[in-house]
Amino acid sequence: MKVHSIRHSALHSVLQGKRLIAFDLDGTLIDSVPDLAVAVMLTLRELGLREPSEDQVRNWVGNGAPVLVQRALAWAREEAAEPALETCAYEAFMKHYGAAPNALTTLYPGVVQTLQALHQHGMTLVLITNKPERFIEPLLNHFKLIDYFTLWIGGDSLAEKKPHPLPLLHAADRCQTSPSECVMVGDSRHDVAAGKAAGFTTLALPYGYNHGEPIEHSHPDLIVSSLTELLMTAPHATRTA
Ligand SMILES: O=C(O)COP(=O)(O)O
Ligand SMILES: [Mg+2]
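Residues numbered from 1 in each chain as written. Chains lettered and ligands numbered in written order. Predicted model: local features only at pLDDT ≥ 70, side-chain atom pairs only at ≥ 80, totals over all residues.

**Focus: the domain arrangement of the protein chain**
Here is step 1: Domain boundaries assigned for the protein chain yield domain 1 (2–31 + 105–237) and domain 2 (33–99).
Here is step 2: Computed from C-alpha atoms alone, the centre-to-centre distance between domain 1 and domain 2 is 27 Å.
Here is step 3: Of the residues belonging to the side of domain 1 that touches domain 2, the class tally is 2 nonpolar, 7 polar and 4 charged. (Domains from an automatic or database assignment. Nonpolar A, V, L, I, M, F, W, Y, C, P; charged D, E, K, R; others polar.)

Right, dumping it as structure tokens:
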């Protein structure tokens, strides 16, 4: 009798009993700050204002495009901007970002492999981002991720966005899952707060954008260094005669 040691792929134990995984987009699946920063710089340039560095923009991302533009304007003018200027800047930002949302944006390592494996394991995958909805499909198509997702929700799709639990509860309801069967995977305190408020298990990545703050401060249920840690490769012995 011979004993062969073979390796089986399995999912991380945190995913046991789970049916739905909600992924954040910016800072979790894609490193989008280079393109967001260019759009912010072009917006401020158009308004005759000083331009921030990419590192500054990274700390402003997380609460959706209107807040990103507000933060950029407040920094450039050293005071809060009046609503008319904010509207004008927002329109300019949407034009510039829409013209090149994936010129410099890259996928983080292991994203395709992980989504593919989770999908093959029968998990329902949804995307919940604070990014405006109009940019989601083009980006998912560009990175060939769209087929893995059952649904996607943007920051302007519903009445509330993360850290509010509404988009997460909406996704769970649409996919006929209870929150205890759901996991939120994200890079920022808004993902963790929304996940906790919705009753999801919360899983965080330390490499994205969290306003310059360590994600540990938000106390997610688990922190993984990359998405591939969700895929365990366990040694398994089988006997053959
Ligand atoms: O657009 C943002 O501010 C952040 O987007 P995210 O929710 O995908 O991280
Ligand atoms: Mg994010």
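**Brief notes about the environment of alanine 194**
Here is step 1: Structurally, the position occupied by alanine 194 is in helix α8 (residues 189–198).
Here is step 2: Given 28 C-beta atoms within a 10 Å radius, alanine 194 is considered buried.
Here is step 3: Put simply, alanine 194 and arginine 77 are 117 residues apart on the chain and 32 Å apart in space, counted from C-alpha to C-alpha.
Here is step 4: Sequence-distant contacts of alanine 194, that is, excluding residues within four places in its chain, are made with Lys162, Pro163, His164, Pro165, Leu168 and Met184. (Helix = DSSP H or I, 4+ residues; strand = E, 2+ residues; numbered from the N terminus. Buried ≥ 20, exposed ≤ 12 C-beta atoms within 10 Å, placed from the backbone. Contact = placed C-beta atoms within 7 Å.)

**Quick word on unusual backbone geometry**
Here is step 1: Cis geometry is adopted by the peptide bond preceding proline 163, which originates at lysine 162 and carries an omega value of 15°.
Here is step 2: The residue proline 163 is located in the loop between β6 (149–153) and α7 (166–174) in this model.
Here is step 3: Located in the positive-phi region is glutamine 176, a residue other than glycine, with phi close to 55°.
Here is step 4: Locating glutamine 176 in the fold gives a position in the loop between α7 and β7 (182–186).
Here is step 5: Among the residues examined, glutamine 176 registers 10 C-beta atoms within 10 Å and is labelled exposed.
Here is step 6: Residues other than glycine seldom take positive phi values, yet histidine 211 does so here, at roughly 55°.
Here is step 7: Relative to the assigned elements, histidine 211 resides in the loop between β8 (201–204) and β9 (222–223).

**So, the environment of glutamine 56**
Here is step 1: Residue placement: glutamine 56 occurs in helix α2 (residues 54–60).
Here is step 2: For glutamine 56, a count of 15 C-beta atoms within 10 Å translates into the label partly exposed.
Here is step 3: For the pair glutamine 56 and alanine 37, spaced 19 residues apart in sequence, the C-alpha separation works out to 8.6 Å.

**Details of the UniProt feature "binding site: Mg(2+)" (unreviewed entry) in the protein chain**
Here is step 1: Sequence positions flagged by UniProt for "binding site: Mg(2+)" (unreviewed entry) are, in local numbering, Asp24, Asp26 and Asp187. Across 164 residues, the annotated set stays spatially compact, with a maximum C-alpha separation of 8.1 Å.
Here is step 2: Structurally, aspartate 26 can be placed in the loop between β2 (20–23) and β3 (30–31).
Here is step 3: Once you skip the residues sitting within four places of it in the chain, aspartate 26 turns out to touch Ser32, Val61, Thr129, Lys131 and Tyr209.
Here is step 4: With respect to the secondary-structure elements, aspartate 187 resides in the loop between β7 and α8.
Here is step 5: Owing to 24 C-beta atoms within 10 Å, aspartate 187 belongs among the buried residues under this scheme. (UniProt positions renumbered as here; feature names shortened; annotations may be inferred.)

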